[in-house]
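# Analysis of the macromolecular model
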Amino acid sequence: MPQFRYTAVLATGQPQSGLLTADSRQAAFDMLQGERLFPVSVEESGEARRSGGRVPAAPLTAAFSSLADLLDSGVPLLRALEVLVEQTTHPALKTVLAEVRHQVSDGRALAAALRTFPAIFSDLAVSMVRAGEEGGFLEESLQRVATFTQRQEELKGRVMGALAYPAFLTGVGAIVVTGMIVFFVPRFEPLFARMRDQGELPWVTSALLETSALLGRYGLWIVLGAAVLGVALRNSLRSSDLKSLRDGLLLKIPAAGTILRGLAISRFCRVLGTLLTNGVPMLRSLEIARGATGNTVLSEAIARASENVSSGRTLSAPLAASGQFPSEVIEMVRVAETSNRLESVLLTIADRLEQKTQARLDLAVKLLEPAMMLVMAVVIGFLVIALLMPVFTGGGGLG
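Now for a quick tour of the structure. (Residues numbered from 1 in each chain as written. Predicted model: local features only at pLDDT ≥ 70, side-chain atom pairs only at ≥ 80, totals over all residues. Heavy atoms only, no water.)

### Regarding the nonpolar core
With 68 residues, the main nonpolar core has Val100, Leu110, Phe121 and Phe325 as its most contacted residues. The element best represented in this core is helix α12 (residues 256-277), accounting for eight residues. Setting aside residues no more than four positions away along its own chain, Val100 makes contact with Leu110, Ala113, Leu114, Phe117 and Phe121. Grouped together as the second largest cluster of nonpolar side chains are 12 residues, Val177, Val185, Met195 and Ala386 included. (Core = buried A, V, L, I, M, F, W, Y, C linked by side-chain atoms within 4.5 Å. Buried < 20%, exposed > 50% of the residue type's maximum accessible area, 1.4 Å probe, protein only. Helix = DSSP H or I, 4+ residues; strand = E, 2+ residues; numbered from the N terminus. Contact = heavy atoms within 4.5 Å.)

So this is what it looks like as structure tokens:
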């Protein structure tokens, strides 16, 4: 996403300059006006472009935690940001933090400065920092952002780690089977030529030879076609209708759908609970948290629930009516609303769902590994049987 260097004027007439990230120059103008700034000039920045891109969670977590520690020790915000820039080793983050410090030194709030880099600082982080600034507990908010970022990265790491070995087995198995079909099977074709001419070749062997010839002749084109089709399918899934269909189907997959639903709901509960704990208004918290699910179907259900909340009704009723949330989650939210403990209960729900979902994921992976080995054994067994069947059914015709 491009970044722009701007010069603007505050309502008081004080000039201000800085850097922000936006889809276009017009979007940058709109963002500045939303911050109650009057743009004077907005130009794309080559330096900003070099510092763009996402920042890994580890240096971002360290930055939030260090800033919280410095402020808690009584270091002024500008000096704390200066120390943070000096300590940061990640090049892109160092450049961004230097720009954040520059904006803060010009009188801009820390949350507003962070908001100019949406590719690096999430809506959740910006909202929590803003709530901390307005409520006078900025250090605590920054520490909670660091803790949240670290926990989300740990959860992502556990999921990716659990899926790494099955993915490796799948890749190796596909390469081995394809190599056998393309390079090993054609060596048997001269042996079966007479049986094929006489129409005595078993259909299984004939199909295997035809597949081998097809892959040997057009294999590269098939791979390129599959890659183009995959890119086209990925781009088409960005449309709301197809994305909703895809996400709905994913949630209905046996076993996998339950795991995906558990991960999505746990993220929603953790983000919503964290935001509410930091004093972010309910409607704004729901707007941010619904995007954290990563699933269009669940996000739409939460959006409908937000409409109920905006009219003064409870959150649990529309979530229950959507049919997308487990009954135990709905019941815990309902009780939390009546006892005015929604923030803490949401975090408890997130912890329990993460533990339960991780256990299900571990079990699924343990079952997946022997299942994949069985599939590979069946495929290789099919190749062997297809090659040996002519010997058993008409060995005299070989040669």
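### Digging into the packing of helix α3 (residues 57-72) against helix α8 (residues 138-184)
The interhelical angle for the contact between α3 and α8, taken along N-to-C directions, is 160°, at an axis separation of 8 Å. The angle between α3 and α8 falls in the class roughly antiparallel. The handedness of the crossing between α3 and α8 comes out as left-handed. For the pair α3 and α8, contact is made by Ala57, Thr61, Phe64, Ser65, Leu67, Ala68, Asp69, Leu71 and Asp72 and by Leu138, Glu139, Leu142, Gln143, Val145, Ala146, Thr149, Gln150 and Glu153, respectively. Split by residue class, the contact of α3 with α8 holds nine nonpolar, five polar and four charged. (Axes fitted to C-alpha atoms, helices over the stretch in contact; angles between N-to-C directions. Parallel < 35°, antiparallel > 145°, perpendicular 65-115°, else oblique. Left-handed = near helix turned anticlockwise from the far one by under 90°. Nonpolar A, V, L, I, M, F, W, Y, C, P; charged D, E, K, R; others polar.)

### Re α12
An α-helical turn contains 3.6 residues, so a residue and the one three or four places further along point in the same direction. Relative to the 32 Å expected for 22 residues at 1.5 Å per residue, α12 spans 32 Å between its end C-alpha atoms, a close match to the ideal helical length. The buried count for α12 comes to 17 of 22 residues, which makes it a mostly enclosed element. (Expected span 1.5 Å × (residues − 1).)

### Observations concerning the pattern of salt bridges
Throughout the structure, instances matching the rule amount to 11 salt bridges. In this structure, the salt-bridge partner of Arg270 is Glu354, at a minimum N-O distance of 3.1 Å. With a gap of 84 residues between them, Arg270 in helix α12 and Glu354 in helix α17 (residues 342-394) connect regions that are remote in the sequence. Judged on exposure class, the residue Arg270 and its partner Glu354 are both buried. In the salt-bridge network here, residues are joined through shared partners; they are Arg151, Arg270, Asp351 and Glu354. (Salt bridge = Lys/Arg side-chain N within 4 Å of Asp/Glu carboxyl O.)

### So, helix α7 (residues 123-135)
The terminal C-alpha atoms of α7 lie 18 Å apart, and with 13 residues this matches the ideal 18 Å at 1.5 Å per residue to within 8%. Of all the residues in α7, the buried ones are Leu124, Ala125, Val126, Ser127, Met128, Val129, Ala131 and Gly132. On its buried face, α7 sits against α3, α6 (110-115), α8, α12 and α13 (282-292). Following α7 by one or two positions, Gly136 adopts a phi angle in the positive range, close to 80°.

### Notes on the environment of Pro390
By secondary structure assignment, the location of Pro390 is in helix α17. By relative accessible area, which is 0% here, Pro390 ends up buried.

### Here's the deal with the packing of aromatic side chains
Centre distance and the angle of the planes are the two values used to describe a pair of aromatic rings. Evaluated as defined, the whole model comprises two aromatic pairs. Between Phe64 and Phe121, the aromatic rings sit 6.0 Å apart at their centres with planes inclined by 70°, giving edge-to-face as the arrangement. Of the two residues, Phe64 is situated in helix α3 and Phe121 in the loop between α6 and α7; the sequence distance between them amounts to 57 residues. A relative accessible area of 6% means that Phe64 is categorised as buried. With centroids separated by 6.0 Å and ring planes inclined at 65°, the aromatic side chains of Phe268 and Phe325 adopt a geometry described as edge-to-face. Placement of Phe268 in helix α12 and of Phe325 in the loop between α15 (316-322) and α16 (327-339) is noted, with a sequence separation of 57 residues between them. Accessibility expressed as a relative area gives 2% for Phe268, which makes it buried. On the basis of relative accessible area, Phe325 is assigned to the buried category, the value being 9%. (Phe/Tyr/Trp six-rings, centres within 6.5 Å; stacked < 30°, edge-to-face > 60°.)

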